[in-house]
Structure formats: structure tokens, C-alpha cells
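In case you want the letters, here they are:
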Amino acid sequence: MTLQDIFKFRDLPETETSKPFLEHLEDLRWTIVKMAITMLVAMVLCFAFRSPLVHVMQAPLRSVDPQVGALRALGITDSIIISFHLAFYAGIVVSFPLLLYFLAEFVLPALTAVEKRFVLPAILVSFGLFLLGVLVCYFWLLPKTILFFFRDTQSLGWIPAWTVQQYYSFVTRFVIGFGLAFELPVVVLALVRFGLITYRFMARTRPYAIVLIFVLATIITPTPDVLTLIAMGLPMCLLYESCIWIAWAMERRKRLTNA
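Report follows, based on the coordinates. These numbers were taken from a predicted model, which means no experiment stands behind them. (Residues numbered from 1 in each chain as written. Predicted model: local features only at pLDDT ≥ 70, side-chain atom pairs only at ≥ 80, totals over all residues. Heavy atoms only, no water.)

## A short note on the overall build of the chain
What counts is decided by this rule: Secondary structure elements are defined from DSSP: runs of H or I of at least 4 residues count as helices, runs of E of at least 2 residues count as strands, and each element is numbered from the N terminus. Note on exposure labels: buried denotes an accessible area under 20% of the residue type's maximum, exposed denotes more than 50%, and partly exposed covers the range between, all computed with a 1.4 Å probe on protein chains only. Residue contacts are defined here by distance: any two heavy atoms, one from each residue, within 4.5 Å place the two residues in contact.
Per the secondary structure count, the chain includes 12 helices and 0 strands. Counted from the first residue to the last, the chain has its helices and strands arranged as α-α-α-α-α-α-α-α-α-α-α-α. Split into buried and exposed, the 259 residues of the chain put 36% on the buried side. A separation of at least 24 residues holds for 81% of the contacts in the chain among residues at least 6 apart in sequence.

Pasting the structure below:
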């Protein structure tokens, strides 16, 4: 087994019946194995650098109040368990491009030679959007959210004494969820590319899409702060609007090509 075999798209069968169903299952099994190995390697690397990761993850907390930065570990095994959880989520971020590539190997075996040239740029754009969402959340939303809960706790006369498990569970899901939300353009354009939706449908249902976007933002953002909600929902609305124009350009180009 060489690297060329690992990073190679599945061969398109000569006919619809030339490849048995069991062989498709074997391709799926091998895809899952490659994705699992990639995640495992990324987790091991992230676990080896868990101290710098902990420092990075707690930086927004220390910026609010240095005393709150000292989290409480209530469980004996918290250091190992939470390190594994942190390595898992960090591994998703690190290995995201490869995971997308391996998934593309399985679900897009029938690409033409022209379309295959767009696979790598599409993966890079998808990872760029995911990384952009993670960075926006980490540098903008996360400090505001922590500050909101810090002040809300103090307003009730309580002393903020957060545990390690609570903090990292909240932060990792919040950041990863925001990064995945920025994948909206990739999902929409993929649906357009396969003819499942059109730019007319997207433009006609724009008001409903905006409502759904803000509902999703409400679910992801665990704070009733209106500014935080707008800070998350507005970029997603702009991304959706850009998808409409890109879908229009794709359909127009397709019509001109077929003419």
C-alpha cells in the first residue's frame, strides 16, 4: 500500500452492475478506516502538545479575570479525560482537510477530469471557512460570552468558580459548532451543483432561510446576549446571500456552455 493508493479516487465502474454492492461496502469500510487513522494520528499529536493547547483555550478566560483562569479539577482523572477530549476536538480542526478529502474519495467517484481539478480548491475553501468560523468564535464571540456569564454570576452575589470539565465542554462545543456553521456555503453550493436546489428557490425562500439561520445561531450561542446572536447570525446571512449569487453564476455558466 503506497501513498498513491491512499490518496486516489475510486475507479468508476464500466457499467452500473459491474461493481457488486459488497465492493461498495468494502470501499466504505476502507474510507472509514482511513478517516479513523487520520483522526487518531491527529489526536496523538494534539495530546502531545496538550499544555500549549490548555494555555490557548484558557486565554479568553484569563482575559476576563485572572482569578477565574484558575479552574477547579474536581475529579481525580480529570487531567487525562479532559486532555483526551481536548485532543479529540483539536484533532478535528487539524485533520479537517484530510477528512474532507477521504470523504470526497468515496462519495464523488464519478467526477469528470475537469471536475476533479476543482476538488482540491473546494477542500481548501471548505477548510478555510471552517477555520475562519473557529477563529471568529475564539477571538470575538467566546470572550464576550464568557464575560456575560461571569458578570451574570456576580450579579447574583455568587463567586465564579468554574470547573475544568464544565469550561472545556462548553468551549470546545461552542467553537467547533461555530466553525461548522461556516460550512453553509459549501453545503448549499454542493446542492446547487447536483441540481437539488436552484438560485431561484434560494432567493424565493430567503426570508425563511434567515429565520432558520438565527434559530441555529440561538441554539449554538448559549447566551441571550443580542449582540452575540447578531455577531453569529449576520455573517451566516451574508454567506447565504453570497451563495445565491454564486449559484446564479453557476447556472448561467451552465446554460451558456450547453447553448
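After presenting the structure, the write-up continues.
## Here's the deal with the nonpolar core
Put simply, the rule is: Among the buried residues, those of types Ala, Val, Leu, Ile, Met, Phe, Trp, Tyr and Cys that are joined through side-chain atoms within 4.5 Å form a nonpolar core.
L71, L141, L142, Y167, Y168, M202 and M232 are the most contacted members of the largest nonpolar core, which totals 46 residues. Residue assignment for this core shows that the elements contributing at least two residues are α5 (78-107), α7 (119-155), α8 (164-181), α9 (184-193), α10 (199-204), α11 (206-220) and α12 (226-258). Setting aside residues up to four positions removed in sequence, Y168 forms contacts with V54, M57, Q58, L71, I82 and L86.

## Brief notes about α9
Cut-off, in case you're wondering: As used here, the arc belongs to the directions running from the helix axis to the C-beta atoms.
Listed as buried for α9 are P185, V188 and V192. All buried residues of α9 fall inside an arc of 70° around its axis, so they share one side.

## As for the packing of aromatic side chains
Selection criterion: The rule is short: rings of Phe, Tyr and Trp, with Trp giving its six-membered ring, pair when the centres are within 6.5 Å, and they are stacked under 30 degrees, edge-to-face over 60, tilted in between.
The final tally for this structure, using the stated rule, is 11 aromatic pairs. Every member of this aromatic cluster is reached through a ring pair, and the members are F148, F149, F170 and F174.

## Some remarks on the side chain of T172
Along the chain, T172 falls in helix α8. Looking at T172, the relative accessible area reads 5%, which means it is buried. Residues in contact with T172, not counting those within four places in the same chain, are M57, L86 and Y89.

## A short note on the side chain of S126
Among the structural elements, S126 can be located in helix α7. With a relative accessible area of 3%, S126 lands in the buried category.

## Section: the pattern of salt bridges
Oppositely charged side chains can pair when the atoms bearing their charge come close. Test applied: By salt bridge we mean one thing: a side-chain nitrogen of Lys or Arg within 4 Å of a carboxyl oxygen of Asp or Glu.
Summed over the entire model, instances satisfying the criterion amount to 1 salt bridge. Residues R206 and E241 are paired through a salt bridge, measuring 2.8 Å at the closest nitrogen-oxygen approach. Of the two residues, R206 is situated in helix α11 and E241 in helix α12; the sequence distance between them amounts to 35 residues. In this structure R206 comes out as partly exposed when scored by relative accessible area, which is 27%.

## Structural notes on the environment of A231
Position of A231 among the secondary structure elements: in helix α12. The class for A231 is buried, based on a relative accessible area of 17%. Every residue in contact with A231, bar those within four places of it in the chain, is listed here: W140 and L141.

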